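Observations on chain architecture
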Amino acid sequence: MAIDTSSSSSAALGHLWRLDGQCAIVTGASQGIGFGVAEQLLERGAQVLMVARSNKTLQHRREQLAQRYGEQQVHALAADVSEAKGRCAIVEWSSEHFGDLNLLINNVGTNIRKAALEYKEDEYQHIFNTNLHSTYQLSCQLHGQLRLAKTAAVVNVSSVAGITHLRTGAPYGMTKAALIQLGKNLAVEWAADQIRVNTMAPWYIATPLAQQVLQDPSYLQEVIKRTPLQRVGQVHEAAAAVVFLCLPAASYISGQCLVVDGGFSVLGF
């Protein structure tokens, strides 16, 4: 195989940082990291389908972005990805409006914080259905559309809870760890279809979900103390990592987990 050693001017490489003409689906897109990802994908030229459960909030968010990027670039679909009906609605919408699909961002996530012995069966299943099963099923159901695009990327949003112990509860940590492994497996299985699969694992980011625990001043201080950069991450920082993995500039990156944690996971004594 010939190796391309040619050099190009910086101007000619600008397309590596653009997503013009590409179609993307972002789940959990009405707030937090999902909304940030949708916004940055649009900024780089992609056409985006925003998916979330709450139609009222979702439509409001879509209108915000449509005012800046154009009505034809931003779409919204109210669907619960934890249910088969919701996933089927996404697949059907994408098939009808996109045809082929370039980018899939599996961002939806939820949690119920308890000790392992305190979970009820329905709580445990709810976490798994939302965080893990939805990602696996939706990715597989959209595989055909991703393959048609010739070059496609899937990014799953995990957590550092999938790498080390956090006080988030065992089911949450289990699902987030499984997402990292899922990314590795699919990256290998789908490489022949020119579909890259990667994972982004954040530490505490200033999202509505994280705010539930960060509003406790003592807890917030403990989080900051354990983070080398001495602060909580911002939505745009986590979203930028996801979008980077979607870009042509990242075309040789697959099967990886990009940790966005201010150094938390490597802090020793």
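What this report covers is the structure whose coordinates are included nearby. No experiment lies behind these values; they were computed from the predicted model shown.

Quick word on the overall build of the chain
Along the backbone of the chain there are 9 helices and 7 strands. Considered along the principal axes of its C-alpha atoms, the chain spans approximately 50 × 45 × 40 Å. Residues classed as buried in the chain amount to 49% of the 269 residues present. Look at the contacts in the chain between residues 6 or more apart in sequence, and 73% of them connect residues 24 or more apart. Carbon and sulfur atoms provide 52% of the accessible area of the chain, an area that totals close to 13,500 Å².

Section: the pairing of strand β6 (residues 195–202)
Of all 8 residues making up β6, 8 are buried, and the element is well covered by its neighbours. Burial of β6 is two-sided: the residues Ile-195, Val-197, Thr-199 and Ala-201 facing one way and the residues Arg-196, Asn-198, Met-200 and Pro-202 facing the other way are all buried. Relative to β6, strand β5 (residues 152–157) runs parallel, the two being bridged by 6 bridges. By the bridge assignment, Ala-153 is partnered in β6 with Arg-196.

Some thoughts on the sheet that holds β6
Sheet strands pair by backbone hydrogen bonding; their relative direction is either parallel or antiparallel. Taken together, the 7 strands give an open sheet; going across it, the order is β3-β2-β1-β4-β5-β6-β7, and neighbouring strands pair in parallel fashion. Bordering the open sheet on either side are β3 (74–78) and β7 (257–260), each of which pairs with just one other strand. For this sheet the average axis-to-axis angle between neighbouring strands, irrespective of direction, equals 15°. For strand β4 (residues 103–106) and β5, the ladder comprises 4 bridges, and the chain directions are parallel. Residue pairing for β5: Asn-106 is matched across the bridge by Asn-156. Across the sheet, helix α6 (residues 170–189) touches β5, β6 and β7, and the angle it forms with β6 is around 160°.

A look at the environment of Ile-195
Structurally, the position occupied by Ile-195 is in strand β6. The spatial distance from the C-alpha of Ile-195 to the C-alpha of Asn-102 is 8.8 Å, given a sequence separation of 93 residues. Ignoring any residue separated from it by four or fewer positions in sequence, one finds Ile-195 in contact with His-143, Leu-146, Arg-147, Ala-152, Val-154 and Trp-190.

So, the nonpolar core
The biggest cluster of nonpolar side chains holds 36 residues, and the ones touching the most others in it are Val-37, Leu-41, Val-48, Met-50, Leu-65, Ile-105 and Met-200. Of all the elements in the fold, those that place two or more residues in this core are β1 (23–27), α1 (32–43), β2 (47–52), α2 (55–69), β3, β4, β5 and α9 (235–246). If one sorts the elements of this core by residue count, α9 sits on top with 7 residues. For Val-37, the contacting residues outside a window of four places in its chain are Val-26, Ile-105, Ala-239, Val-242 and Val-243.

Points about the pairing of β3
Most of β3 is tucked away, with 4 of its 5 residues classed as buried. In this structure, β2 lies alongside β3, joined through 5 bridges in parallel fashion. When the sheet's bridge partners are listed, Ala-52 is paired in β3 with Ala-78. Between the parallel pair β2 and β3, the chain is carried across by α2, and the sense of this crossover is right-handed.

So, α9
Over its 12 residues, α9 extends 17 Å from the first C-alpha to the last, a length consistent with the 16 Å expected when each residue adds 1.5 Å. The complete set of buried residues in α9 reads Ala-238, Ala-239, Ala-241, Val-242, Val-243, Leu-245 and Cys-246. The secondary structure elements touched by the buried residues of α9 are α1, β4, β5, β6 and β7.

Rules behind the numbers
Residues numbered from 1 in each chain as written. Predicted model: local features only at pLDDT ≥ 70, side-chain atom pairs only at ≥ 80, totals over all residues. Heavy atoms only, no water. Helix = DSSP H or I, 4+ residues; strand = E, 2+ residues; numbered from the N terminus. Buried < 20%, exposed > 50% of the residue type's maximum accessible area, 1.4 Å probe, protein only. Contact = heavy atoms within 4.5 Å. Areas by Shrake-Rupley, 256 points an atom, 1.4 Å probe, with all protein chains shown as cover. Pairing = 2+ DSSP bridges. Axes fitted to C-alpha atoms, helices over the stretch in contact; angles between N-to-C directions. Core = buried A, V, L, I, M, F, W, Y, C linked by side-chain atoms within 4.5 Å. Right-handed = clockwise from strand over helix to strand, strands pointing away. Expected span 1.5 Å × (residues − 1).

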